[in-house]
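Letter by letter, the chains look like this.
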Amino acid sequence: MIIVMKHNATGEHIYRVTEQIEKWGCKASISKGKECTIIGVIGDVRMVDRERIELMDGVERTVKILRPFKLASREFHPLDSVFRINGVSIGGNQVIVMAGPCAVESREQLLETAYAVKMAGAHALRGGAYKPRSSPYSFQGLGEKGLQILAEARQETGLPIVTEVMDPQMVPLVSDYADILQVGTRNMQNYALLSSLGTAKKPVLLKRGLMSTMEELLMAAEYILSNGNERVILCERGIRTFEPYTRNTLDINAVPMLKQLSHLPVIVDPSHGTGRWELVEPISRATVAAGADGLIIEVHPRPEEALSDGAQSLKPERFASLMKSLKVIAQAVDRTI
Ligand code: PEP
Ligand code: MN
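Here the residue index of a chain counts from 1 through its sequence in written order. As a convention, the first chain written is A and the first ligand written is 1, with the rest following in written order. Note on the predicted model: pLDDT of at least 70 is required for a residue's local features to be given, and 80 or more for side-chain atom pairs to be given and counted; whole-chain, interface and lining totals, by contrast, use all residues. Heavy atoms from the whole structure form the basis of all side-chain values; hydrogens and water molecules are not counted.

Examining the overall build of the protein chain
In terms of regular secondary structure, the protein chain is built from eleven helices and 14 strands. Throughout, radius of gyration means the C-alpha value; the globule benchmark is 2.2 Å times the number of residues raised to the power 0.38. Relative to a compact globule of 337 residues, whose C-alpha radius of gyration would be 20 Å, the protein chain shows 21 Å and is just as compact. Referenced to the eigenvectors of the C-alpha coordinate spread, the extents of the protein chain come out at roughly 70 × 45 × 45 Å. The cut-offs for exposure are 20% and 50% of the maximum accessible area for each residue type, with area from a 1.4 Å probe on protein chains only; residues under the lower value are buried, those over the upper are exposed, and the others partly exposed. The burial tally for the protein chain puts 55% of its 337 residues in the buried class. Contacts are assigned to residue pairs that have any heavy atoms within 4.5 Å of one another. Considering only residue pairs separated by 6 or more positions, the protein chain has 68% of its internal contacts joining residues 24 or more positions apart. To measure how exposed things are, a 1.4 Å probe is used in the Shrake-Rupley method; for residues, cover is taken only from the protein chains shown. When the accessible surface of the protein chain is summed, it comes to about 15100 Å², and 52% of that surface belongs to carbon and sulfur atoms. Note on charges: Lys and Arg go in the positive column, Asp and Glu in the negative column, and His and the chain ends are not counted at all. Positions of charges follow a simple convention, taking NZ of Lys, CZ of Arg, CG of Asp or CD of Glu. The average position of the 40 basic charges and that of the 39 acidic charges among the side chains of the protein chain differ by 1 Å. We count a stretch as a helix when DSSP gives it H or I for four or more residues in a row; a strand needs E for two or more, and each element gets its number in order from the N terminus.

Some details on the domain arrangement of the protein chain
Under the domain assignment used here, the protein chain contains domain 1 (2-63) and domain 2 (83-332). Each domain's limits were defined by an automated method or a database of domain assignments. For domain 1 versus domain 2, the separation of C-alpha centres amounts to 37 Å.

Concerning the sheet that holds strand β10 (residues 180-183)
Reading around the barrel, the eight strands line up as β7-β8-β9-β10-β11-β12-β13-β14 and close back on themselves, with parallel pairing between neighbours. If you compare each strand with its neighbour and ignore which way they point, the axes differ by 25° on average. Paired strands, in this sense, are two strands between which DSSP finds at least two bridges. In this sheet, strand β12 (residues 232-236) lies alongside strand β11 (residues 204-207) in parallel orientation, the contact comprising four bridges. Bridge pairing links L206 to L234 in β12. What counts as an axis is a line fitted to C-alpha atoms, over the stretch in contact for a helix, and the angles between N-to-C directions run from 0 to 180 degrees.

Focus on the coordination of the manganese ion (ligand 2)
The protein atoms that coordinate the manganese ion (ligand 2) are C102 (SG), H272 (NE2), E298 (OE) and D309 (OD), at distances of 2.0 to 2.4 Å. Written as a sequence motif, the donor residues of the manganese ion (ligand 2) are C-x169-H-x25-E-x10-D. Residue C102 is found in the loop between β7 (96-100) and α3 (107-120), and its partner H272 is found in helix α9 (residues 270-274); the two are separated by 170 residues along the sequence. Water is not among the atoms examined, so metal sites may look incomplete; donors are the N, O and S atoms within 2.8 Å of the metal, or within 3.2 Å for Na, K and Ca.

What to know about the site of ligand 1
Nearness of a residue to a molecule or strand requires only that one of the residue's heavy atoms be within 4 Å of it. Around ligand 1, a shell composed of C102, R126, K131, E164, Q182, G184, T185, R186, K207, R237, H272 and E298 is seen. R126 is positioned such that a nitrogen or oxygen atom in its side chain is 2.8 Å from an oxygen atom of ligand 1. Between an oxygen atom of ligand 1 and a side-chain N or O atom of E298, the distance comes to 3.2 Å. When ligand 1 sits alone it has 300 Å² of accessible area, and the protein chains cover 97% of it. In terms of residue class, the shell around ligand 1 is built from one nonpolar, four polar and seven charged. Counting of polar contacts relies on pairs of N or O atoms within 3.5 Å, with two restrictions inside protein: one atom must be capable of donating a hydrogen and the other of accepting it, and residues adjacent in sequence are counted only when both atoms are side-chain atoms. Each residue receives one of three labels: charged for Asp, Glu, Lys and Arg, nonpolar for Ala, Val, Leu, Ile, Met, Phe, Trp, Tyr, Cys and Pro, and polar for the others, Gly being one of them.

Quick notes on the packing of helix α6 (residues 191-198) against helix α7 (residues 214-226)
The interhelical angle for the contact between α6 and α7, taken along N-to-C directions, is 40°, at an axis separation of 6 Å. With respect to their mutual orientation, α6 and α7 come out oblique. Residues Y191, L194, S195, L197 and G198 of α6 touch α7, and the partners they reach there are A220, Y223 and I224. Relative orientations are named as follows: roughly parallel for angles under 35 degrees, roughly antiparallel for angles over 145 degrees, roughly perpendicular for angles from 65 to 115 degrees, and oblique for any other angle.

Points about the nonpolar core
Here, nonpolar core means buried Ala, Val, Leu, Ile, Met, Phe, Trp, Tyr and Cys residues that are tied together by side-chain atoms lying within 4.5 Å of each other. Grouped together as the largest cluster of nonpolar side chains are 86 residues, with contacts concentrated most on M98, L125, L197, L206, L234, I297 and F319. Ranked by the residues each element gives to this core, the list is headed by α7, at seven residues. Each residue touching L234, except ones within four places of it in the same chain, is listed here: L206, L217, L218, A221, L258, S262, L264, P265, V266 and I267. Membership of the second largest hydrophobic core comes to 15 residues, among which are A9, I39, V41 and M56.

Concerning the side chain of K131
Mapped onto the elements of the fold, K131 is located in the loop between β8 (124-126) and α4 (144-157). Salt bridges are identified by distance alone: a Lys or Arg side-chain nitrogen within 4 Å of an Asp or Glu carboxyl oxygen. Despite its burial, K131 remains without a salt bridge, the nearest opposite charge being carried by E164 at 5.0 Å. A distance of 3.1 Å separates a polar atom in the side chain of K131 from the backbone oxygen of C102. Not counting chain neighbours up to four residues away, the residues in contact with K131 comprise C102, A103, R126, F139, Q140, G141, M166 and S308.

Here you go:
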């Protein structure tokens, strides 16, 4: 439920409403807009007496949120959420590009990539230290050593780092190193992991499950939000369909649809979405045109030697030319990059 306050409601009116909501055992989330303030009621709203609220000073009306996702919904929070992460704002006018290898393979490989993507204009560095591989015999990542290398690359380049956490028990360790915690597609419905990320002090990049609907993605975000972490970035990374030419089918509909349904930033992963490096540029351009707030792109100095996802990784020079071509698209939709 949300409470829309009158445009001339005072701080005292807002305080009284909040106090009353808390008496009913719920929490209040206040969003101050240009026109008016909206108070979101979080928790078990069965105790909340709507008629009584509507009689309180400063209250315009109450509105029931019908969608199953509440905190993630645009009704609850009409304005776009913008988070600042180590000097980078996501969800605002600037399109944010996160780039780097699928996996951290060595110090040399990561530092070389980090400098290259930084030079090309990337805003954050990605790289997996813990890799959720389909086969237990494939490279599983360097673990904590990989996190240390990522931290060194941040120190060298100033780029914030994005890396995956696969297990609730690993959240404290990975949070110590990462600036953004990535939840991979296979873990989108790992509710123990999502709940523990709700109490993490770092923003979460939540990837859409490979067989999940947009509503399931938003409900997964709701687990993180309802446990107290407001900083969730939604990521479309392709879903599984009957089409074998591409690794996944990137659902471009998800960009404007999620932006309509939710206030959370929406980014796209064209690397996993296509599985083919030569499709990464056209699809990146399309998603920026469709309104994405950012991209996460795999880059490797020698894709043919990559221990994972070489076929979809861009060489640094191709990434640099992609960044140039994205500028033109961003400009066309009144955004910066
Ligand atoms: C990745 O980003 O390298 C990754 C494993 O992504 P996803 O979870 O989308 O497959
Ligand atoms: Mn990958």
